[in-house]
Amino acid sequence: TRCMAPAQYFSSGERLRDEWHHYGLATPIYTHFTSPIRRYADVVVHRLLAAAIGVAPLPAALTHRSGMRELAENMNRRHRNAQLAGRSSVSLHTQIFFRDHP
């Protein structure tokens, strides 16, 4: 069962501030990141945070609103495709198991 809309990456400059909330956590502003070796989205967040606190310069690719929009859309597409591939794999292997174990 999937009752909530999936989370989506977006650039804060592309959405109204009242759209930044996290429904499940009931918080008005939210970002999630883990180790930057895990997902490209985490690498982007680490780079943006590093630039925001003056630790590193902002990479040129992250300075343009249109580029950030395209990057977020690409990450959303790839994340969705990965979810669908995972579900398809589970379905396929479940069917194979029951075929082979009547």
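Residues numbered from 1 in each chain as written. Predicted model: local features only at pLDDT ≥ 70, side-chain atom pairs only at ≥ 80, totals over all residues. Heavy atoms only, no water.

**A look at the environment of Leu48**
Inspection of the secondary structure assignment puts Leu48 in helix α1 (residues 40-52). Taking the C-alpha atoms as reference points, Leu48 and Thr63, separated by 15 residues in sequence, lie 9.7 Å from one another. Excluding its chain neighbours within four sequence positions, the residues that come into contact with Leu48 are Leu58, Leu62 and Met68. (Helix = DSSP H or I, 4+ residues; strand = E, 2+ residues; numbered from the N terminus. Contact = heavy atoms within 4.5 Å.)

**Digging into the nonpolar core**
One finds Ala41, Val44, Leu62, Met68, Leu71 and Met75 forming the largest nonpolar core, which totals six residues. Secondary-structure elements contributing two or more residues to this core are α1 and α2 (65-100). At three residues, the largest contribution of residues to this core is made by α2. (Core = buried A, V, L, I, M, F, W, Y, C linked by side-chain atoms within 4.5 Å. Buried < 20%, exposed > 50% of the residue type's maximum accessible area, 1.4 Å probe, protein only.)

**With respect to α1**
Here α1 spans 18 Å end to end across 13 residues, near enough to the 18 Å set by a 1.5 Å rise per residue. All buried positions along α1 are accounted for by Ala41, Asp42, Val43, Val44, Val45 and Ala50. Of the surrounding secondary structure, the elements contacted by the buried residues of α1 are α2. Just downstream of α1 lies Gly54, where phi reads positive at about 80 degrees. (Expected span 1.5 Å × (residues − 1).)

**Side note on the pattern of salt bridges**
In total, this model carries four salt bridges according to the counting rule given. A salt bridge links Glu14 to Arg65; the nearest nitrogen and oxygen atoms lie 3.8 Å apart. Of the two residues, Glu14 sits in the segment before α1 while Arg65 sits in helix α2, which places them 51 residues apart along the sequence. Judged by its relative accessible area of 51%, Arg65 is exposed. As a salt-bridge pair, Glu14 and Arg69 come within 2.9 Å of each other at their nearest N and O atoms. In this pair, Glu14 is assigned in the segment before α1 and Arg69 in helix α2, connecting sequence segments 55 residues apart. The partly exposed category is assigned to Arg69, whose relative accessible area is 32%. Each of Glu14, Arg65 and Arg69 takes part in a single network of salt bridges with overlapping partners. (Salt bridge = Lys/Arg side-chain N within 4 Å of Asp/Glu carboxyl O.)

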